[in-house]
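Residue-level structural notes
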Amino acid sequence: MALSCGVTAQISHFQRLNDPRIASSSSLCSWMDCHSYILSGTKALFHDKGRVLSTNFGPLKVCYNRRLEFLKFNSYPNLSLDDSLKYGGIRLKLPLQFRIPSKNCHKCHSSVIHSNYPQNADLPRYYSKKEKKPFPKPIVELRRAARERLKSMRGQPRIPIPPPKNGLLVKRLIPVAYHVLNARTTLINNVKKLLKVLPVHACKWCNEIHVGPDGHPFRSCRGPQASIRKSSHEWTNAFIEDILVPVDAFHLFDRLGRRISHEERFSIPRIPAVVELCIQAGVDIPEYPTKRRRKPVIRISKSEFIDADESELPDPVPEVPKIPLLLTEIPDSEIQPPSSVEETALLAEETLKAWEKMRGGAKKLMRMYPVRVCGYCPEVHIGPSGHKGQNCGAHKHQQRNGQHGWQAAVLNDLIPPRYVWHVPKGQTLERELKNFYGQAPVVVEMCVQAGAAVPDQYKPTMRLDVGIPTDVKEAEMVV
């Protein structure tokens, strides 16, 4: 069996054809009268539809046409042919024929394709309400890491507790917290503007949304009475809360204080979880005061501590802030939509940058400031340990007396990316071709349809490289 393709071969070493060790190796042959060399440790790059896929083969036979002008091997006159190819990094682009050895061949070479981003990735998995969220790290690995940490600390002097565990702030993350909060405000304002020019629909019975003039035709509704409607959606206009899912958390005056009890759940204010994370990281908002320490706490035990005496310290002098000022959200009545296509594209680019900036900054903050999430429901708590409120209404909550099953949170728990179907440009979604379409977060899909470029990290799930059949008969022919 032979496969013809354009191959760019990066040659690391050449051997002459009369080497007796190549009698059973696979070969690469051109269709023209040529001279032959053997490539030992060849790295081939396959070019197809704008993609470059690299693979490693064993010893290969390359036949090239001496009359081709672009094959100038000896680019270094003072070196031999082998050294010139080795140190020159020659890249040859040849029309080659790749022959796959038969099954009877006693020596076969496997090929591995490498790429910075996968060509296509699986769509985000749907978790049922009866399933518990998986741990970011398995329990076995956490226990093993704890044992190794205790073993390494045995016999070593105690080291001071670093911030933020000692009550102080991480100074280098204070500007990051302000940038995250401003990016969130910019994102909210820009999404409100895009909603004026882009149609976004939400299902009346479930949490699915769709970006487009009409809702998608897929019957995937899991809401109430879905069996009566044969899982078909009932589409309505979407709001900002459908696109940016609100995730609230308790505001803590002292993030090292005692845990919130069940009786205090109504007396403590709840604010957006991203805002609470930024407040604990150093953002000062007058409406939500928080305790700031200037000396590390004194630990008595693992769960008990006392504050250090700060009476000897001088009063803090207010300095000129070097951090950016906080932005404010624009009311809905003052939202002005973009007036032209160019302005819409620029607004989409700005929205996409704000989305990535908010998620990237929040991920940095979560590495230092712990965030907890319930394994059964979407409840999020910003702090080292979750609260004691017995308000979990997830599956079998009676067995837990309504208590939450706290575990370490990931970025998608704090900022949920609601995925929607990606609509290819100039096409409409068809029910029979569902397996050929990709998905993307709703903010990314809105920005792409508004004229922004697709970020590389979202291309695998959007399946931009998948060819979509024109009809059902062509789809049935796909292997």
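Residues numbered from 1 in each chain as written. Predicted model: local features only at pLDDT ≥ 70, side-chain atom pairs only at ≥ 80, totals over all residues. Heavy atoms only, no water.

All right, on to the overall build of the protein then. Helix and strand counts for the protein come out as ten helices and 21 strands. In the protein, which comprises 479 residues, the proportion classed as buried is 39%. The contacts in the protein between residues at least 6 apart in sequence include a share of 69% that link residues at least 24 apart. Within the structure as shown, the protein displays about 29700 Å² of accessible surface, and the carbon and sulfur contribution to it stands at 54%. (Helix = DSSP H or I, 4+ residues; strand = E, 2+ residues; numbered from the N terminus. Buried < 20%, exposed > 50% of the residue type's maximum accessible area, 1.4 Å probe, protein only. Contact = heavy atoms within 4.5 Å. Areas by Shrake-Rupley, 256 points an atom, 1.4 Å probe, with all protein chains shown as cover.)

Mapped onto the secondary structure, L244 falls in the loop between helix 4 (240–243) and strand 13 (248–250). Measuring from C-alpha to C-alpha, the distance between L244 and I188 comes to 8.0 Å, with 56 residues separating the pair along the chain.

A pair of packed helices can be characterised by two numbers: the angle between their axes and the separation between those axes. Across the interface, helix 3 (residues 174–194) lies against helix 5 (residues 273–280) with an axial gap of 9 Å and an inter-helix angle of 155 degrees. Between helix 3 and helix 5, the crossing angle belongs to the class labelled roughly antiparallel. Every pair of crossing elements has a handedness; the one defined by helix 3 and helix 5 is left-handed. Contacts from A177, V180, L181 and R184 of helix 3 reach helix 5 at V274, V275 and C278. (Axes fitted to C-alpha atoms, helices over the stretch in contact; angles between N-to-C directions. Parallel < 35°, antiparallel > 145°, perpendicular 65-115°, else oblique. Left-handed = near helix turned anticlockwise from the far one by under 90°.)

Looking now at the sheet that holds strand 17 (residues 371–374). Spatially, 18-17-19 is the arrangement adopted by the three strands of the open sheet, whose pairing is antiparallel. The open sheet has two edge strands, strand 18 (380–382) and strand 19 (406–408), and neither has a second partner. Strand-to-strand twist in this sheet, taken as the mean axis angle between neighbours without regard to direction, amounts to 35 degrees. Where strand 17 and strand 19 come together, three bridges link them in antiparallel fashion. Of the residues in strand 19, the one forming a bridge with C374 is W406. Taken strand by strand, helix 5 contacts strand 17 and strand 18, and its axis lies near 15 degrees from that of strand 18. (Pairing = 2+ DSSP bridges.)

It is worth spelling out the nonpolar core at this point. Residues W355, L365 and L414 are the most contacted members of the largest nonpolar core, which totals 65 residues. Ranked by the residues each element gives to this core, the list is headed by helix 3, at eleven residues. Ignoring anything within four residues of it in the chain, the contact list for W355 reads L187, L244, I415, P417, P441, V443, V444 and Y458. By size, the runner-up hydrophobic cluster in this structure holds eight residues, among which are L429, F436, Y437 and A475. (Core = buried A, V, L, I, M, F, W, Y, C linked by side-chain atoms within 4.5 Å.)

What follows concerns helix 8 (residues 442–450). Extensive coverage of helix 8 is indicated by the burial of eight of its nine residues. Considered for burial, the residues of helix 8 that qualify are V442, V443, V444, E445, M446, C447, V448 and A450. G451 sits one or two residues past helix 8 and shows a positive phi near 120 degrees.

Attention now goes to the confidence of the model for the protein. Residues at a pLDDT of 70 or more form 74% of the protein, whose mean pLDDT is 80. Of the regions scoring below 50 in pLDDT, residues 1–103 engages in 192 contacts with residues more than four places distant in sequence or in other chains. (pLDDT = per-residue confidence, 0-100.)

Before going further, it helps to examine the packing of helix 6 (residues 341–368) against helix 8. Here helix 6 crosses helix 8 at 155 degrees, and the two axes come no closer than 8 Å. Comparing the axis directions of helix 6 and helix 8 gives the class roughly antiparallel. Helix-helix and strand crossings are classified by hand; for helix 6 and helix 8 the assignment is left-handed. Residues T344, A345, A348, T351, L352 and W355 of helix 6 lie in contact with helix 8, whose contacting residues are V443, V444, C447 and A450. When its residues are assigned to classes, the contact of helix 6 with helix 8 shows eight nonpolar, two polar and no charged. (Nonpolar A, V, L, I, M, F, W, Y, C, P; charged D, E, K, R; others polar.)

For the rest of this paragraph, the subject is the environment of E131. Structurally, E131 can be placed in the loop between strand 9 (113–114) and helix 2 (139–153). A sequence separation of 264 residues divides E131 from H395, and the C-alpha atoms of the two residues are 8.1 Å apart. Every residue in contact with E131, bar those within four places of it in the chain, is listed here: R125, Y126 and G375. Reaching out from E131, the side chain makes a polar contact with the side chain of R125 at a distance of 2.7 Å. (Polar contact = N/O pair within 3.5 Å; in protein donor to acceptor, adjacent residues only side chain to side chain.)

Here the focus is a nonpolar patch on the surface. A surface patch of nonpolar side chains, about 240 Å² in accessible area, is lined by F135, I139 and L142. By the secondary structure assignment, F135 is in the loop between strand 9 and helix 2. (Patch = residues over 30% accessible without salt bridge, like charges linked within 9 Å, V, L, I, M, F, W, Y side chains within 5 Å. Salt bridge = Lys/Arg side-chain N within 4 Å of Asp/Glu carboxyl O.)

Now for the side chain of H404. On the secondary structure map, H404 appears in the loop between strand 18 and strand 19. A distance of 2.5 Å separates the side chain of H404 from the side chain of N391, its partner in a polar contact. Dropping the residues within four chain positions of it, H404 is found in contact with C374, C377, E379, H387, G389, N391 and C392.

Taken as a whole and assessed by the stated rule, the structure comprises two aromatic pairs. Positioned above the aromatic ring of F250 is the side chain of R270, whose terminal nitrogen or guanidinium carbon lies 4.6 Å from the ring centre. One cation-aromatic arrangement involves R400 over Y376; the distance from NZ or CZ to the ring centre is 3.9 Å. (Phe/Tyr/Trp six-rings, centres within 6.5 Å; stacked < 30°, edge-to-face > 60°. Lys NZ or Arg CZ within 6 Å of the ring centre and 35° of its normal.)

Attention now goes to the pattern of salt bridges. The tally for this structure, following the rule as stated, stands at ten salt bridges. The partner of K291 in a salt bridge is D307, with the nearest N and O atoms 2.6 Å apart. One end of the pair, K291, is in the loop between helix 5 and strand 15 (298–299); the other, D307, is in the loop between strand 16 (305–306) and helix 6, and 16 residues separate them in sequence. Accessibility expressed as a relative area gives 33% for K291, which makes it partly exposed. Residue D307 is classed as partly exposed on the basis of its relative accessible area, which comes to 36%. One network of salt bridges, with partners in common, ties together D254, K291, R293 and D307.

The subject of this paragraph is unusual backbone geometry. In this model, P163 is joined to P164 through a cis peptide bond whose omega is 5 degrees. One can find P164 in the loop between helix 2 and helix 3. With a phi close to 60 degrees, K396 is a non-glycine residue in the positive phi region. Relative to the helices and strands, K396 is located in the loop between strand 18 and strand 19.

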